[in-house]
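Structure assessment
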Amino acid sequence: MPTSPTLDDLRRYAVARTLFTPTTLLTAIRRLGFVQADPIRAPARAQDLTLRHRVKGYRAGDLERRYSRLPIEEDFLVNYGFLPREHLSLMHPRVSRRPWDASTRRKAADVLAFVQERGAVHPREVDQAFAHGRVTNYWGGTSNASTHLLDGMHYRGMLRIHRRDSGTRIYAVAAHAPADGGKAARLQRATALIDLVVRKYAPLPSASLTYLARLLGYGAPHLAEEIQQALRLAREQLAGCSIDGTTWYWPADENPRSRRYQADEQVRLLAPFDPVAWDRRRFELLWGWVYRFEAYTPAAKRRFGYYALPLLWRDQVIGWANVAAKDGQLQPSFGYVDGSAPRDVAFSNALEDELERMANFLPGTGPATP
């Protein structure tokens, strides 16, 4: 009988399986399955910070610059981000939980015809043509009604992101093939979605797997029943073990104890939404401390900082860093779980190498001495 993995095995597996040898941008996105997006730049957007570890020679902004030439899409899965175009058929045509009223449907039809006629449009063009005014947004404030409508049309699969101009979404008409509405086909799509998130975020504590299945209701709300059915089947078919009362799951064709999953000697500053750090429940189980994303936390209540990047050394997340780029120079500040940096020449050298990589990743920025 095979020996069950230990928590140390799962920790190495969690790190090594996602920090694969850097490859091309498209191959990296396909291997990840999905790259979460975030607009904050501190010192770069989350999607760029995620991809820099996995794409050869990657520089901040490469995804935006190359997006229109690659078979990838900005869309929704468990949250908003970038995914290979082939995954869209698992979620589209998407049916929102919030049906539009007749007036909104008419406005959307008019905007769709407008975009169809022009090929690709900036939100400003739509606003100038239709003057939709302002609406109350999710947070209780007001926002541009045209932008709000375009977001809704994108979510419902009527529009796609053609490209971005200085960060602003440029929209084009989307085309999604009709989906087979039969029970078996719907369950097949839901099963593929569960498999996609398991392969991205494994190994997963049982509660995290349940949470991800619930978040899939964001990308495929019309498959909610089938996703729950696929989740029940996944628990029977995935590999797993129990450690200290927590049940863990991972793909059945992977072995966390395999020698292929070995820690390297690098230091890496990870995005807050990097697959290594994304699951805060798993993070605490694997590394024994609580990491929080504090960009929206009042400054006086922050422990880690505005945009703290988890600091990975070998297979241990030992602290965090806040990194600024000012006057062409990196300005990092560090915090450590144990109160101080490891007294290890290998660590110091690896940290210096990582800061040099970070400087090369940020155009016009020079390295800093840690």
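Residues numbered from 1 in each chain as written. Predicted model: local features only at pLDDT ≥ 70, side-chain atom pairs only at ≥ 80, totals over all residues. Heavy atoms only, no water.

Taking an unreviewed UniProt entry as the reference, the chain is identified by name as Crosslink repair DNA glycosylase YcaQ family protein belonging to Stenotrophomonas indicatrix.

**Overview of helix H5 (residues 102–118)**
Note the threshold: Counting from the N terminus, the helices are DSSP H or I runs at least four residues long and the strands are E runs at least two residues long. One less than the residue count of a helix, multiplied by 1.5 Å, gives the span that helix is expected to have. For every residue, the accessible area (1.4 Å probe, protein chains only) is compared with the maximum for its type, and the residue is labelled buried under 20%, exposed over 50%, or partly exposed between those bounds. Starting at the helix axis, one direction is taken to each C-beta atom, and the arc is that of these directions. Contacts are assigned to residue pairs that have any heavy atoms within 4.5 Å of one another.
Here H5 spans 25 Å end to end across 17 residues, near enough to the 24 Å set by a 1.5 Å rise per residue. Listing the buried residues of H5 in full gives Ala108, Val111, Phe114 and Val115. Buried residues of H5 fall within an arc of 120 degrees about the axis and therefore sit on the same side. Away from its buried face, by an angle of more than 90 degrees, H5 presents the exposed residues Arg106, Gln116 and Glu117. Contacts made by the buried residues of H5 are with helix H6 (123–130), helix H7 (145–155), strand S6 (159–165) and strand S7 (168–173). Phi turns positive, to about 90 degrees, at Gly119, one or two residues after H5.

**Concerning the packing of aromatic side chains**
Geometrically, a pair of aromatic rings is defined through the distance of the ring centres and the angle of the planes. Selection criterion: Note on aromatic contacts: the rings of Phe and Tyr and the six-membered ring of Trp form a pair at centre separations within 6.5 Å, being stacked when their planes are under 30 degrees apart, edge-to-face when over 60 apart, and tilted otherwise. Only when the NZ atom of a Lys or the CZ atom of an Arg is both within 6 Å of the ring centre and within 35 degrees of the ring normal do we say a charge sits over the ring.
One pass over the full model with this rule turns up 25 aromatic pairs. Consider the rings of Tyr67 and Phe82, whose centres lie 6.1 Å apart with planes at 75 degrees: the pair is edge-to-face. Residue Tyr67 is found in the loop between helix H4 (62–66) and strand S2 (72–76), and its partner Phe82 is found in strand S3 (residues 80–84); the two are separated by 15 residues along the sequence. Across this residue pair, the class does not change: Tyr67 and Phe82 are buried. Relative to Tyr218, the ring of Phe76 has its centre 5.2 Å away and its plane inclined at 85 degrees; by these criteria the two rings are edge-to-face. Highlighted residues: Phe76 in strand S2 and Tyr218 in helix H9 (residues 206–219), separated in sequence by 142 residues. Taking the relative accessible area as the measure of exposure, Phe76 reaches 8% and is therefore buried. According to the relative accessible area criterion, Tyr218 is partly exposed, its value standing at 35%. Every member of this aromatic cluster is reached through a ring pair, and the members are Phe283, Trp287, Trp289, Tyr291, Phe304 and Trp320. When the ring centre of Phe361 is taken as origin, the NZ or CZ atom of Arg52, which lies over that ring, is 5.6 Å away. Across the ring face of Tyr155, the terminal group of Arg94 is positioned such that the distance to the ring centre comes to 4.7 Å.

**Here we look at the packing of helix H1 (residues 7–16) against helix H11 (residues 280–287)**
Our working definition: Note on definitions: angles span 0 to 180 degrees between N-to-C directions of axes, and those axes are lines fitted to C-alpha atoms, for helices only across the stretch in contact. The labels follow the angle: roughly parallel below 35 degrees, roughly antiparallel above 145, roughly perpendicular from 65 to 115, and oblique for the rest. Note on convention: near helix rotated counterclockwise from far helix by under a right angle means a left-handed crossing. Clockwise means right-handed. In this classification, Asp, Glu, Lys and Arg are treated as charged, Ala, Val, Leu, Ile, Met, Phe, Trp, Tyr, Cys and Pro as nonpolar, and every other residue, Gly included, as polar.
Two numbers describe how H1 lies on H11: the axes approach to 10 Å, and their chain directions differ by 130 degrees. The angle between H1 and H11 places the two elements in the oblique class. Regarding H1 and H11, the two cross each other, and that crossing is left-handed. The residues of H11 that touch H1, namely those facing Leu7, Leu10, Arg11, Ala14 and Val15, are Arg282, Leu285, Leu286 and Trp287. Residue composition of the contact of H1 with H11, grouped by class: seven nonpolar, no polar and two charged.

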